[in-house]
Number of protein chains: 2
Amino acid sequence: MSITQNLTISISSSSSSFLSPSSFNSRSQVSLPVKSVSICKCVATPQEAETAYKTRVSRNENLGKLQAGYLFPEIARRRSAHLLKYPDAKIISLGIGDTTEPIPEVITSALAKKSHALSTLEGYSGYGAEQGEKPLRSAIASTFYPDLGIEDDDIFVSDGAKCDISRLQIVFGSNVKMAVQDPSYPAYVDSSVIMGQTGLYQKDVQKFANIEYMRCNPENGFFPDLSSLSRPDIIFFCSPNNPTGAAATREQLVQLVQFAKDNGSIIVYDSAYAMYISGDNPRSIFEIPGAKEVAIETSSFSKYAGFTGVRLGWTVIPKQLLFSDGFPVAKDFNRIVCTCFNGASNISQAGGLACLSPEGLKAMRGVIGFYKENTNIIVDTFDSLGFKVYGGKSAPYVWVHFPGQNSWDVFSEILEKTHVVTTPGSGFGPGGEGFVRVSAFGHRENVLEACRRFKQLYK
Amino acid sequence: MSITQNLTISISSSSSSFLSPSSFNSRSQVSLPVKSVSICKCVATPQEAETAYKTRVSRNENLGKLQAGYLFPEIARRRSAHLLKYPDAKIISLGIGDTTEPIPEVITSALAKKSHALSTLEGYSGYGAEQGEKPLRSAIASTFYPDLGIEDDDIFVSDGAKCDISRLQIVFGSNVKMAVQDPSYPAYVDSSVIMGQTGLYQKDVQKFANIEYMRCNPENGFFPDLSSLSRPDIIFFCSPNNPTGAAATREQLVQLVQFAKDNGSIIVYDSAYAMYISGDNPRSIFEIPGAKEVAIETSSFSKYAGFTGVRLGWTVIPKQLLFSDGFPVAKDFNRIVCTCFNGASNISQAGGLACLSPEGLKAMRGVIGFYKENTNIIVDTFDSLGFKVYGGKSAPYVWVHFPGQNSWDVFSEILEKTHVVTTPGSGFGPGGEGFVRVSAFGHRENVLEACRRFKQLYK
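Position numbers for residues start from 1 in each chain and track the written sequence from start to end. A letter from A marks each chain and a number from 1 marks each ligand, given out in the order of writing. Local features are withheld for residues below a pLDDT of 70 in this predicted model, meaning they are given only at 70 or higher, and side-chain atom pairs are given and counted only at 80 or more; totals for whole chains, interfaces and linings count all residues. Remark: hydrogens and water are excluded; side-chain values derive from all non-hydrogen atoms of the structure.

As annotated in an unreviewed UniProt entry, chain A carries the name LL-diaminopimelate aminotransferase and comes from Medicago truncatula. UniProt positions are given in the numbering used here, feature names are shortened, and annotations may be inferred rather than shown by experiment. In UniProt, chain A has this text filed under Cofactor (unreviewed entry): "pyridoxal 5'-phosphate". The record in UniProt for chain A states the following under Sequence similarities (unreviewed entry): "Belongs to the class-I pyridoxal-phosphate-dependent aminotransferase family. LL-diaminopimelate aminotransferase subfamily."

Encoded structure:
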């Protein structure tokens with residue numbers, strides 16, 4: 001790592017610069033997956049900018065409204081900067097919710113089998129249906145939505161929930177007003193800004209204009225006060241929530257569906273962590289009567305089967321869900337999927353089908369169980385240190401309260417003193433201020449080591 | 001296939017309904033890959049619509065401007081309808097440009113190896129860099145852009161060129177004016193409509209308002225008269241062109257780059273068929289001096305390695321390309337890639353790396369050579385029947401002239417009388433009227449059989 005690169009990192013504070021895995025591993029014994037190299041050189045220096053040719057195309061003003069970098073690249077950048085400062089540090093990452101455990105063999109065998117089959121005349125397939133392969137759509141419907149009236153063709157297979165969130169925003173366009181849990185996964189707000197649904201960022205309140213931030217905190221049991229909300233068109237709701245780990249109860253979801261119905265709003269329900277739910281809270285918004293007329297559900301194999309890199313998710317749009325003019329939302333989503341997407345990889349889809357076989361389901365539950373044990377270790381650690389801890393029970397995220405403190409300060413102190421990467425709560429919205437999210441995705445020995453260091457720091 | 005399904009197909013004329021591969025194969029001896037089942041039920045019937053609950057969310061008006069279905073699902077629909085009419089027909093598809101030949105084993109072995117590795121601690125990887133894995137970005141830069149000054153971090157790996165076209169449109173936003181070759185790949189125009197860049201569709205001229213249609217026809221050697229063009233912000237330019245098969249010469253591309261420079265426009269250069277070029281026409285826009293300041297290039301492994309289902313492409317955005325305020329286009333694209341996408345499948349990327357090994361390149365050239373032989377057979381056939389035939393030499397598409405005839409009529413006549421699916425030229429824009437595109441993607445025996453039937457029909 002040369003000084004020049006070091007300087008590049010320090011001047012391009014919102015770029016997504018990462019160290020290379022190789023240079024990182026050579027300095028670190030705790031080997032963890034790291035994002036690949038990309039020292040961003042795409043910011044012109046002042047001298048260059050003066051003389052450089054510029055096109056006459058105006059920059060999209062919506063992109064100019066976005067705040068700094070997307071949260072997780074920013075954390076990766078700070079991690080890289082930390083490693084430059086402490087080249088011998090054994091960094092442990094409990095920051096970005098990236099799965100670490102190998103994919104069960106019953107699933108990888110199916111991925112490999114499909115890969116091999118592509119070299120044969122019988123096994124080769126080219127363009128698949130943009131909406132996903134029929135057997136996979138069918139398996140998703142019957143596995144996750146049995147007896148809920150969700151039909152195979154209500155399922156759209158995708159390359160991940162994050163990608164589908166943006167495709168949904170393209171469907172909605174710029175003339176809608178959205179509401180979002182505060183705190184929540186930053187892709188909801190950022191994709192809304194990109195589509196031009198919001199006004200400018202208001203620094204004083206750390207919110208975008210024209211977005212309803214639904215505060216979720218310990219005081220309201222992490223369920224928003226809907227009565228105080230102006231009517232939104234679109235309600236993004238994630239349960240179990242990322243980052244708070246709170247899983248909404250049936251009563252809460254009944255309230256939410258009723259609110260949507262009363263207001264003619266559409267709920268985009270993100271259930272990417274539903275398989276982590278303990279107890280009998282609903283796994284799907286479609287368990288709530290009437291939800292099919294007001295809700296979309298998006299989910300993913302990422303956190304169930306370790307498919308964060310393999311890329312496979314799905315979105316459910318019931319044909320009962322209609323725009324105000326009676327036009328089916330699914331029909332517009334289908335058009336977007338056909339025009340802006342070409343389906344998930346056929347190999348990933350073969351893997352998804354294997355996930356939903358009896359053996360695959362058992363294997364996925366094993367991986368989820370492992371991460372839930374990690375969660376317990378982290379919860380117990382912070383509990384024992386006297387912190388108020390939320391989440392964890394129904395989600396792979398532990399939401400630790402540091403009352404009165406600035407999240408980024410806490411993040412920095414933890415990183416500086418323990419070499420553990422967490423995620424600052426305020427990165428998920430102003431309602432996350434004073435919290436830090438600790439991810440339970442990690443090898444067991446790393447989670448244990450991180451907890452030892454937390455105990456050292458906060459003893 | 002029940003009567004109910006038959007009826008559903010006939011009433012939902014713009015839906016993407018396909019027959020199942022199994023029901024198709026049982027009726028057909030010429031077995032070809034077919035899109036999966038999806039009998040669309042998402043159009044409410046009039047009775048339902050009256051009583052159904054509707055949300056108060058307005059439909060995105062831009063989506064309402066789109067014309068019927070996306071071209072290729074529409075063709076698949078007509079194919080399905082044909083099969084209902086002639087259940088015993090041996091349909092041959094030379095319509096949608098879908099690869100048919102197995103992927104060479106040197107490449108599928110790499111796909112399978114990566115799949116297996118994901119079940120091991122050492123081989124597992126989760127989220128990768130959204131921009132693509134470093135070794136693949138590097139291999140793309142050195143294979144396709146040697147000595148052209150394109151750096152590894154100018155390359156963004158993706159799940160396909162079509163997906164990147166939409167992501168580019170998200171970067172540009174709604175306040176740009178685009179120009180497009182007429183005829184051309186329909187995703188350019190449709191994604192522009194979706195992003196709100198255009199006005200309404202003008203039925204009389206079959207064009208959208210606020211798009212410059214650059215007519216490309218035999219009279220101008222399939223290169224547009226740039227002098228007659230109002231200044232566009234964005235110029236979509238595909239070479240070798242889909243559907244005409246015309247590959248632009250160096251002189252033409254020098255003209256194009258100069259035009260962009262004079263007008264401060266950005267060229268989005270689609271080189272998805274560049275490896276099919278015969279002779280010494282440029283394979284990349286970046287072979288033209290100065291192009292890095294005005295051009296983006298998007299490309300794909302789909303038509304080189306048969307990756308239409310595996311999903312892997314890339315987009316090159318040189319850091320020299322700047323918006324009018326000096327802001328680098330690559331930096332906004334990077335933000336979109338990080339926020340709306342999570343990288344291509346790590347398995348597909350391993351396959352892409354294998355494609356670019358010496359053995360992989362040789363194998364890809366073998367597949368391309370095979371399709372080029374198909375092309376020759378098709379060209380010779382129409383030549384011998386006295387048709388004016390274009391394309392073919394540098395592209396897997398043959399562009400056949402039927403002067404004075406309606407493309408859809410020709411399409412229908414060919415389908416009706418030979419059971420061969422082609423693509424009507426007008427589906428690519430009004431400039432395609434009077435032409436039909438015949439794809440060279442097909443098993444040899446099917447191409448030969450299709451040509452026999454053409455000879456029968458037009459003898």
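Let's shift gears to the relation of the copies chain B and chain A. Here the copies were fitted onto each other by least squares, based on C-alpha atoms from residues at pLDDT of at least 70 in both. Laying chain B over chain A is done by rotating through 180° and shifting 0.0 Å along the axis; what remains is an RMSD of 0.0 Å. Expressed as a symmetry operation, the mapping of one chain copy onto the other fits a two-fold axis. Of the C-alpha atoms belonging to chain B, the one lying closest to the rotation axis is found on Ala112(B), 2.1 Å away. Mapped onto chain A, 98% of the interface residues of chain B are again interface residues, and the two copies thus contact each other with one and the same surface. Pairs of residues are marked as contacts when any of their non-hydrogen atoms sit within 4.5 Å.

All names here are of chain A. Here a strand pair is declared whenever DSSP counts at least two bridges between the two strands. Secondary structure elements are defined from DSSP: runs of H or I of at least 4 residues count as helices, runs of E of at least 2 residues count as strands, and each element is numbered from the N terminus. Read from one edge of the open sheet, seven strands run 2-10-9-8-7-3-6, paired in mixed fashion. A single partner strand is all that each edge strand has here, and the edge strands are strand 2 (155–158) and strand 6 (211–215). Looking at each pair of strands side by side, their axes are set apart by 20° on average, direction ignored. Summarising the sheet, strand 8 (residues 266–270) and strand 9 (residues 295–300) pair through four bridges and their orientation is parallel. Bridge pairing in strand 9 links Val268 to Ile296. Geometry is summarised by axes, namely lines fitted to C-alpha atoms with helices restricted to the contacting stretch, and by angles between N-to-C directions that run from 0 to 180 degrees.

All names here are of chain A. Two elements in contact, helix 8 (residues 161–172) and helix 9 (residues 187–194), have axes whose closest approach is 10 Å; the angle formed by their N-to-C orientations is 35°. Along this stretch, helix 8 crosses helix 9, giving a crossing that reads as right-handed. Together, Lys162, Ile165, Ser166 and Gln169 of helix 8 and Ala187, Tyr188, Ser191 and Ser192 of helix 9 make up the contact between the two elements. Counted by class, the contact of helix 8 with helix 9 contains three nonpolar, four polar and one charged residues. Take the far helix as the reference: if the near one is turned anticlockwise from it by less than a right angle, the crossing is left-handed, and if turned clockwise, right-handed. The classification used treats Ala, Val, Leu, Ile, Met, Phe, Trp, Tyr, Cys and Pro as nonpolar, Asp, Glu, Lys and Arg as charged, and all other residues, Gly among them, as polar.

Moving on, we come to the interface of chain B and chain A. The partner chain A presents 121 residues to the 123 residues of chain B that form the contact. The buried area of a pairing is the accessible area, by a 1.4 Å probe, that goes missing from both parts when the two are put together, added over both. A buried area of about 9800 Å², summed over both sides, lies between chain B and chain A, and 58% of it is on carbon and sulfur atoms. A pair is scored as a salt bridge if a Lys or Arg side-chain nitrogen falls within 4 Å of a carboxyl oxygen belonging to Asp or Glu. Linking chain B to chain A there are four salt bridges. A salt bridge links Asp332(A) to Arg59(B); the nearest nitrogen and oxygen atoms lie 2.7 Å apart. Residues adjacent in sequence count toward polar contacts only when both atoms are side-chain atoms; beyond that, a polar contact is any pair of N or O atoms within 3.5 Å, and within protein one must be able to donate a hydrogen and the other to accept it. Taken together, the links from chain B to chain A amount to 42 residue pairs in polar contact (both at pLDDT 80 or more). For the side of chain B that touches chain A, the secondary-structure elements that each account for two or more residues are helix 6 (105–117), helix 7 (134–144), helix 8 (161–172), helix 9 (187–194), helix 10 (250–263), helix 12 (329–340) and helix 13 (346–355) of chain B. Per-element accounting of the side of chain B that touches chain A gives the leading share, nine residues, to helix 12 of chain B.

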